[in-house]
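Fold and geometry: a report
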Amino acid sequence: MALAIRFALFGCTNRPFFHIVVMEKRRAQRSGKIKEMIGSYDPMPNQDNQKLVAVDFQKLQKWLGFGAVPTKHVAELLGLGGFYPIHPMSYIKAKRKRTLMEKQVADMQAKEETQETAAIQVNEDTQPDSTEDASQ
Amino acid sequence: MAASMKCAWARCLSTILLNSTKHRCQISQPLYASCSNITGDSGNDEIIFRKGEGGTDQTRQEAGPADDTKKHRRDPGKAFTDVRVQKILLRLTGLDLDKVYEYRAAKGAGVAKVALMSDQQLKKVYESASYKALRKLQMPPVLGAREPIDEVLSEDPELEGLNTSKLVFIDISQRVPLKKRTIVVREPNGTLRKASWEERDVTLQKYFPQSGRKIGLPRMFQQDNLECMLDDGKHEYILNRACSQFEIDDPEYIRVTQRTYEHIDGNGKFEDLRSTRHFGPMIFYFTYYKKIDKLLVAFLEEESLEDSLDLVKLYHIVHPSCKSAEKVASMPDATPLEIIRAFAEMDATQKSLVQQAIQTYEKECDSTGSTQLRR
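Residues numbered from 1 in each chain as written. Chains lettered and ligands numbered in written order. Predicted model: local features only at pLDDT ≥ 70, side-chain atom pairs only at ≥ 80, totals over all residues. Heavy atoms only, no water.

Right, let's talk about the packing of helix 13 (residues 279–288) of chain B against helix 15 (residues 305–318) of chain B for a bit. Think of two packed helices as two axes; the pair is described by the angle between the axes and how far apart they sit. Residues and elements named next belong to chain B. Two elements in contact, helix 13 and helix 15, have axes whose closest approach is 9 Å; the angle formed by their N-to-C orientations is 60 degrees. By the criterion of interaxial angle, the relationship of helix 13 to helix 15 is oblique. For the pair helix 13 and helix 15, the sense of crossing is right-handed. Across the interface between the two elements, Ile283, Phe284, Thr287 and Tyr288 of helix 13 pack against Leu311, Leu314, Tyr315 and Val318 of helix 15. (Axes fitted to C-alpha atoms, helices over the stretch in contact; angles between N-to-C directions. Helix = DSSP H or I, 4+ residues; strand = E, 2+ residues; numbered from the N terminus. Parallel < 35°, antiparallel > 145°, perpendicular 65-115°, else oblique. Left-handed = near helix turned anticlockwise from the far one by under 90°. Contact = heavy atoms within 4.5 Å.)

Turning our attention to the pattern of salt bridges. Applying the stated rule across the entire model yields 23 salt bridges over all chains. Of the charged contacts, one joins Asp42 of chain A and Arg15 of chain A as a salt bridge, the two residues approaching to 2.5 Å between their closest N and O atoms. Taken as a pair, Asp42 of chain A in the loop between strand 3 (36–41) and strand 4 (50–55) and Arg15 of chain A in strand 2 (residues 15–24) lie far apart in primary sequence, 27 residues in all. Classification of Asp42 of chain A by relative accessible area gives buried; the value is 13%. Judged by its relative accessible area of 33%, Arg15 of chain A is partly exposed. A salt bridge links Arg255 of chain B to Glu252 of chain B; its shortest N-O distance comes to 2.7 Å. (Salt bridge = Lys/Arg side-chain N within 4 Å of Asp/Glu carboxyl O. Buried < 20%, exposed > 50% of the residue type's maximum accessible area, 1.4 Å probe, protein only.)

Here we come to the packing of helix 6 (residues 83–93) of chain B against helix 13 of chain B. All names here are of chain B. Contact geometry of helix 6 with helix 13 gives a least axis separation of 9 Å together with a crossing angle of 120 degrees. The orientation of helix 6 relative to helix 13 falls into the category oblique. Like other packed secondary-structure pairs, helix 6 and helix 13 cross with a definite hand, here right-handed. The segment helix 6 lies against helix 13, with Val85, Leu89, Leu92 and Thr93 engaging Phe279, Gly280, Ile283 and Phe284. Residues that form the contact of helix 6 with helix 13 fall into these classes: six nonpolar, two polar and no charged. (Nonpolar A, V, L, I, M, F, W, Y, C, P; charged D, E, K, R; others polar.)

Attention now moves to the environment of Asn163 of chain B. Mapped onto the elements, Asn163 of chain B comes out in the loop between strand 1 (152–154) and strand 2 (166–171). For the pair Asn163 of chain B and Leu92 of chain B, spaced 71 residues apart in the sequence, the C-alpha separation amounts to 57 Å. Every residue in contact with Asn163 of chain B, bar those within four places of it in the chain, is listed here: Lys51 and Leu80 of chain A together with Pro188 of chain B.

In the structure shown here, the tally under the stated rule is 15 aromatic pairs over all chains. Arranged with centres 5.2 Å apart and planes meeting at 55 degrees, the rings of Phe83 of chain A and Tyr84 of chain A form a pair that is tilted. Residues Phe270 of chain B and Phe286 of chain B carry aromatic rings whose centres are separated by 6.1 Å and whose planes lie at 85 degrees to one another, so their mutual orientation is edge-to-face. One end of the pair, Phe270 of chain B, is in the loop between helix 12 (251–267) and helix 13; the other, Phe286 of chain B, is in helix 13, with 16 residues separating them in the sequence. For the residue pair Phe270 of chain B and Phe286 of chain B, the accessibility class agrees, reading buried in each case. Of the aromatic side chains, those joined through ring pairs into one cluster are Phe80, Tyr261, Phe270, Phe284, Tyr285, Phe286, Tyr288 and Tyr289 of chain B. (Phe/Tyr/Trp six-rings, centres within 6.5 Å; stacked < 30°, edge-to-face > 60°.)

Here nine strands make up an open sheet; going across it, the order is 5(A)-1(A)-2(A)-3(A)-4(A)-2(B)-3(B)-4(B)-1(B) and the pairing mixed. Here the strands that pair on one side only, and so sit at the sheet edges, are strand 5 (69–70) of chain A together with strand 1 of chain B. Relative to strand 4 of chain A, strand 3 of chain A runs antiparallel, the two sharing three bridges. If you follow Ser40 of chain A over to strand 4 of chain A, its bridge partner there is Ala54 of chain A. Contacts from helix 9 (residues 197–207) of chain B reach strand 3 and strand 4 of chain A together with strand 2, strand 3 (183–186) and strand 4 (192–194) of chain B within the one sheet, and its direction differs from that of strand 4 of chain A by about 60 degrees. (Pairing = 2+ DSSP bridges.)

What follows is about the confidence of the model for chain B. Residues and elements named next belong to chain B. Confidence along chain B averages 82 in pLDDT terms, with 78% of residues attaining 70 or more. A low-confidence stretch, residues 20–28 (pLDDT under 50), is modelled with 13 contacts involving residues beyond four sequence positions or located in other chains. Note that residues 32–72 has pLDDT below 50 and, in this model, 74 contacts with residues that lie over four places away or in other chains. Scored as a whole, the predicted complex attains pTM 0.79, and scored at its interfaces, ipTM 0.88. (pLDDT = per-residue confidence, 0-100.)

In structure tokens, the structure reads:
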């Protein structure tokens, strides 16, 4: 069994809330035996658009000294907080989201353009005489 | 019998307290330990009161530099923590046991006890009550507004797009003073920076709640509501609540307290705060910003020459380069009235008002046939 620093999902339906705990990696997160709770992470932004993360860094360092290993997502979070270097997955996720956003923006613009051209086409079709006269 | 005894004991106690070695006029150490950023600029001027350091060297620092420099203006804390200033403020505040132990409807306020005591036992109870009352009269320090926090720890533009909201990290390690807790924010654009004072206050209140504080600004302190409260005369309540809600170097605290003092000045209701912990800071505010005229007039109208003299002496300590201070320094045997007159002639902003008050006082003195110092 491996000692891990991991999230334990609490909260309720449509309202997740994570405790950052030290426990064996394969134990059940809610019903399993937690060695120590060293923090919390609230993934839902509050009124000031903040996601709150609290970590007892002294205890974290103590358990790291005992050989506990943070899971991927905890390591990412700690990287964002400045305790660890930024996790490569953070960069990858950020890049993926940016590409997706850009693609969505490009799609939206393409859609708007096609709509505009379609509207112009419709205008031209409904007024055939005037354009024919103008071109002649 | 009890009333006259109380009076006698109040006077006796104030002499004991000012002269005794057991209780010296000490600035409260735990209170000042929490104000570790009293001075703004250089580290070697910092006044940090730690346990075990009797505060002897540090409390005897001189009052701040010449009054017209920007540094001094920004930082009243240095002048406030001068021992001479503290002594005068304590003397002016006074000790009215009835007012200090006034019944306040609050949680935990119990039923008053009635006891049968001998004179000696009563004496002891008054003594201990007075020592305890001095703790209630601890003055919240007057400091300059805190400098904004503006430190960026890391810039990571490659993280742009990862989050649409900020990530706020707080260190919840045990036994770390609130002011030293690390709170950092990772912005959506990838910058990792230290949290601003406002963010700090809100986050600390969420994780380490202090009683009597609300998250965000209570509506009472919004400008319009504050004016309503002031017009109702609730000065002491406002100041007490401001003290529990804000940090003392919070610009909001400074705004609320200064507005309250100005309102008191406008209505002449200085005695409302007498024998409370806000009297000292209020006097200091007026002295520091050179607005003591109405206050001086109020003291003279009450015919307390000692208070008036104390006020002028305080002015001379806080503004040592003012004209009347120099004149008084050149007259070592000046009587109290001469000192006050010198101030009125040279440094009073409302000269005629103060001079008139002095004349009225002199007339009263002559009519009652006494020129001795009276409280």
